[in-house]
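# Observations on chain architecture
Each chain, written out:
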Amino acid sequence: MDIKLEKRAWYIRHKYWLLAGVTALALLALNIKMVIGPRTILVDGEELDYCKATISEFHEYIDVTGIVQPILNIKVNCREGGYISHIVAENGTMLEEGDTILVMENPDLIRNIEEERLAWEKLQLNNRLQQYQMEQKSLSLRQQMLQTEYEMKRLDKSHNLDKEEARMGIKSRAQLEVSEDEYNYNLKKTRLTLESLKHDSAVNLIQRSLLDNELENGRDKFIQSRNRLDNLVVRSPMRGQLSYVTAIPGQRVSSGESIAEVNILDDYKVHVNLSEYYVDRISVGLPASVTYQGVKFPMKISRVVPEVKNQTFSVELLFTGEKPENARVGKSYNIQIELGHPEKSLVIDRGKFYNSNGGRYIYRLNESGTVAELTPIVIGRQNPRQFEVLEGLQEGDKVIVSEYSDFNDAERLRIR
């Protein structure tokens, strides 16, 4: 006997097709959501670094490593050229001012000095001869002046006698006129002779002075040439430590060539290289400090070299008070350079996220800490520990500050 089968419902007969359709729609919706909605990735929360945005005193400073250097480095140059005979002081030797560093030889200089000595001796002999001749001339001039003065007195007496004889009638008027003419002529002649003798005497004095000056110049020239021998001994210009000597025995060096360096250790300076980011904010006089064994030693910037090389520029600092006991040339210190006074600001911890995007955005967590949203921010000032946040966050916001390179700029992070 046949049994009549009941007809099943259509959704039961087509359940597999319906299930496939629902699955396809779900996948389509998911794809649409991924395309249209924010891109989300799943991350491991234990591998992330977090911090909270807080309002606190923001202290803007630079934390940098500095190297201790001598307060002054003096280059030692050769004043005279020659060959290095022997080196007296070794590298690292403490020198007093005037201590010998090395000794040189210069045969050409010694020969020139001998020639100068012979020239001066010849000049002395020539000067003595000319002085003798001038003495003889002076004696002759004095004799001539005495003779001329005698003639003037004789002419005066003779003329007075002629006038007396004319008054007494012994001589005529015509004879007196002839006598007066002769007297006036001889008087003028005698006066001219006296004037010429005085001129010759003045010329003689000038010549004597010129000879004396020539002799003195020759003597000074010889002394200066002889003093050049002292320049063959290279000495320390100041008290300090000999840093290095570049010359070796037997080497020929030129005048003015730098062959050594002396470090002045009366004080120290600290040299640092700063990022070009700070080139407009660093100036002479800015305060700084070094902390050693819990003690803070104040410093200040003494010199700024604004020329940027390899994205850095050079700064020199001086201690303004006591120095650390272990301060030595070549010692490195961690230095804090202050850029301003502390101010209340919204700050977050300095993290590696800044390296990924330059501080343009940050991932902010929701209240449950399960999701982090990509949030644009504006970074202001910074120091080695903190960033100042000008826009984008509020006090109490929790953010991710670890490296962002693995997030591929996802708009949302789901924390696992």
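Structure report, in brief.

Calculation rules
Residues numbered from 1 in each chain as written. Predicted model: local features only at pLDDT ≥ 70, side-chain atom pairs only at ≥ 80, totals over all residues. Heavy atoms only, no water. Helix = DSSP H or I, 4+ residues; strand = E, 2+ residues; numbered from the N terminus. Rg over C-alpha atoms; globule rule 2.2 N^0.38 Å. Buried < 20%, exposed > 50% of the residue type's maximum accessible area, 1.4 Å probe, protein only. Contact = heavy atoms within 4.5 Å. Areas by Shrake-Rupley, 256 points an atom, 1.4 Å probe, with all protein chains shown as cover. Lys, Arg positive; Asp, Glu negative; His and termini not counted. Charge placed at Lys NZ, Arg CZ, Asp CG, Glu CD. Phe/Tyr/Trp six-rings, centres within 6.5 Å; stacked < 30°, edge-to-face > 60°. Pairing = 2+ DSSP bridges. Patch = residues over 30% accessible without salt bridge, like charges linked within 9 Å, V, L, I, M, F, W, Y side chains within 5 Å. Salt bridge = Lys/Arg side-chain N within 4 Å of Asp/Glu carboxyl O. Core = buried A, V, L, I, M, F, W, Y, C linked by side-chain atoms within 4.5 Å. 1 Å grid on protein atoms, 1.4 Å probe; cavity = no way out; pocket = protein on both sides within 12 Å on 5 of 7 lines; lining within 4 Å. Points joined across faces, edges and corners; volume = space filled by probe spheres on them. Nonpolar A, V, L, I, M, F, W, Y, C, P; charged D, E, K, R; others polar. Axes fitted to C-alpha atoms, helices over the stretch in contact; angles between N-to-C directions.

From N to C terminus, the chain includes five helices and 22 strands. Taken over the C-alpha trace, the chain has a radius of gyration of 52 Å; the compact-globule value for 416 residues is 22 Å, which it surpasses by more than 25%. Structurally, the chain occupies a C-alpha span of about 220 × 60 × 45 Å along its principal axes. Residues counted as buried form 32% of the 416 residues belonging to the chain. If you take every contact in the chain between residues at least 6 apart in sequence, the share linking residues at least 24 apart comes to 76%. As displayed, the chain has an accessible area near 27200 Å², and 51% of this comes from carbon and sulfur atoms. Charged side chains of the chain number 55 positive and 61 negative; the gap between the two group centres comes to 3 Å.

To continue, consider the packing of aromatic side chains. Within this structure, the stated rule accounts for ten aromatic pairs. Here Tyr 361 and Tyr 363 contribute two aromatic rings whose centre-to-centre distance is 6.4 Å and whose plane-to-plane angle is 85°, an arrangement assigned as edge-to-face. Grouping residues by exposure puts Tyr 361 and Tyr 363 together as buried. Between the aromatic rings of Tyr 404 and Phe 407, the centroid separation amounts to 5.6 Å while the plane-to-plane angle is 35°, which identifies the pairing as tilted. Among the residues examined, Tyr 404 registers a relative accessible area of 4% and is labelled buried.

Inspection of the sheet shows strand E16 (residues 343–349) paired to strand E20 (residues 386–391) by three bridges, in the antiparallel sense. Within E20, the residue paired with Val 347 across the bridge is Glu 388. By the bridge criterion, three bridges tie strand E19 (residues 378–382) to E20 in an arrangement that is antiparallel. When the bridges of E20 are listed, Ile 379 appears paired with Val 389. Counting the residues between successive antiparallel strands, the hairpin from E19 to E20 contains three residues.

This paragraph deals with a negative patch on the surface. On the surface, Glu 46, Glu 47, Glu 403 and Asp 406 cluster together to form a negatively charged patch. With respect to the secondary-structure elements, Asp 406 resides in the loop between strand E21 (398–400) and strand E22 (412–415).

Glancing now at the nonpolar core. Grouped burial of nonpolar side chains is what soluble globular proteins tend to show. Counting residues in each nonpolar core, the largest one holds 25 residues, and the members touching the most others are Ile 348, Ile 362, Leu 393, Ile 400 and Leu 413. Mapped by element, the contributors of at least two residues to this core are E16, strand E17 (361–365), E20, E21 and E22. Ile 62, Ala 288, Met 299 and Leu 317 belong to the second-largest nonpolar core, a separate cluster that totals 24 residues.

Attention shifts here to the layout of surface pockets. Considering only enclosed or pocket space, the largest pocket measures out at about 260 Å³ in volume. Taken together, 13 residues make up the lining of the largest pocket; nearest its centre are Asn 77, Arg 79, Val 233, Val 234 and Arg 235. Going through the elements one at a time, strand E4 (61–77) and strand E8 (233–235) are the ones with two or more residues in the lining of the largest pocket. A class-by-class count of the residues in the lining of the largest pocket yields five nonpolar, four polar and four charged.

Now for the sheet that holds strand E3 (residues 54–58). Taken in spatial order, the four strands line up as E3-E16-E20-E19 in an open sheet, and their pairing is antiparallel. Sheet topology places E3 and E19 at the edges, where each strand pairs with a single neighbour. Ignoring strand direction, the axes of neighbouring strands in this sheet form an average angle of 60°.

It is worth spelling out the sheet that holds strand E2 (residues 50–52) at this point. Taken together, the six strands give an open sheet; going across it, the order is E1-E22-E18-E17-E21-E2, and neighbouring strands pair in mixed fashion. The sheet terminates laterally at strand E1 (40–43) and E2, the two strands that pair on one side only. Averaged over all pairs of adjacent strands, the angle between strand axes in this sheet comes to 35°, irrespective of strand direction. One ladder, built from three bridges, connects E2 with E21; its direction is antiparallel.

What follows deals with the pattern of salt bridges. One pass over the structure, following the stated rule, counts 17 salt bridges. The salt bridge involving Glu 60 is made with Arg 381; its shortest N-O contact spans 3.9 Å. Of this pair, Glu 60 sits in the loop between E3 and E4 while Arg 381 sits in strand E19, placing them 321 residues apart in sequence. Like Arg 381, Glu 60 is buried. The network of salt bridges with shared partners includes Glu 60, Arg 281, Glu 343, Arg 381 and Glu 388.

Glancing now at the side chain of Asn 383. If you trace the backbone, Asn 383 turns up in the loop between E19 and E20. Ignoring any residue separated from it by four or fewer positions in sequence, one finds Asn 383 in contact with Phe 58, His 59, Glu 60, Tyr 61 and Arg 350.

Within the element layout of this structure, Phe 58 appears in strand E3. Exposure remark for Phe 58: the relative accessible area of 0% places this residue in the buried category. For Phe 58 and Lys 75, which are 17 residues apart along the polypeptide, the C-alpha to C-alpha distance reads 45 Å. Sequence-distant contacts of Phe 58, that is, excluding residues within four places in its chain, are made with His 341, Pro 342, Glu 343, Ser 345, Val 347, Arg 381, Gln 382, Asn 383, Gln 386, Phe 387 and Glu 388.

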